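Okay, here's what each chain looks like letter by letter:
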Amino acid sequence: MTAILDFVTPPLGLAPHTRFRLDPIGGADGLFSLGATDDDGLRLYVVDPQTVVSDYAPILTDEHVDALGLTAPDDALLLVVASHTAEGVHVNLLAPIITNKATGATAQIILEGQDYPLRASLR
């Protein structure tokens, strides 16, 4: 599944970019490359959190749901940013990326008041 994602505001730390291409990574179920369409050198790795964290269930605010035009939970694609450091692979569960599957409208949101880590280790 390759898709174009249009962020309603630039993702954290990636301003002014708002349009990204989501490409699956072959041989790695649930892992994707997220690259800016106007900058070939700007790329993140994102993962479907259900493939690595079975109990992850963030709660979106009405404002987030409205901004993305979501009408049902199945309308949303949920992704988290993955990073690799000397300590291993981590995912950011505090600021997921939510996409409306039908429209491509996307936002990276900060889950206020929810007890998720910024760097969850994948061991």
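As shown above, the structure is provided for reference.
Quick caveat: nothing in here was measured; it's all calculated off a predicted structure.

**Quick word on the side chain of Asn92**
For step 1, the next point in the chain: With respect to the helices and strands, Asn92 occurs in the loop between strand S6 (88-91) and strand S7 (97-100).
For step 2, the next point in the chain: Overall, Asn92 belongs to the buried group, its relative accessible area being 14%.
For step 3, the next point in the chain: Within polar-contact distance, the side chain of Asn92 engages the backbone nitrogen of Ala95 at 2.9 Å.
For step 4, the next point in the chain: If near-sequence neighbours (up to four positions away) are discounted, Asn92 is found in contact with Val80, Val81, Pro117 and Leu118.

**Considerations on the environment of Ala120**
For step 1, the next point in the chain: With respect to the secondary-structure elements, Ala120 resides in strand S9 (residues 120-122).
For step 2, the next point in the chain: Spatially, the C-alpha atom of Ala120 lies 9.3 Å from that of Val53, the residues being 67 residues apart in sequence.

**Quick word on the packing of aromatic side chains**
For step 1, the next point in the chain: Tallying each qualifying case throughout the model produces 2 aromatic pairs.
For step 2, the next point in the chain: Note on Phe7 and Phe20: the rings are 5.2 Å apart at their centroids and 70° apart in plane angle, and the pair reads as edge-to-face. Here the residue Phe7 occupies a position in strand S1 (residues 3-7), and Phe20 occupies one in strand S2 (residues 19-24), the gap between them amounting to 13 residues. Just as Phe7 is buried, Phe20 falls in that class too.

What counts, and where the lines are drawn
Residues numbered from 1 in each chain as written. Predicted model: local features only at pLDDT ≥ 70, side-chain atom pairs only at ≥ 80, totals over all residues. Heavy atoms only, no water. Helix = DSSP H or I, 4+ residues; strand = E, 2+ residues; numbered from the N terminus. Buried < 20%, exposed > 50% of the residue type's maximum accessible area, 1.4 Å probe, protein only. Polar contact = N/O pair within 3.5 Å; in protein donor to acceptor, adjacent residues only side chain to side chain. Contact = heavy atoms within 4.5 Å. Phe/Tyr/Trp six-rings, centres within 6.5 Å; stacked < 30°, edge-to-face > 60°.

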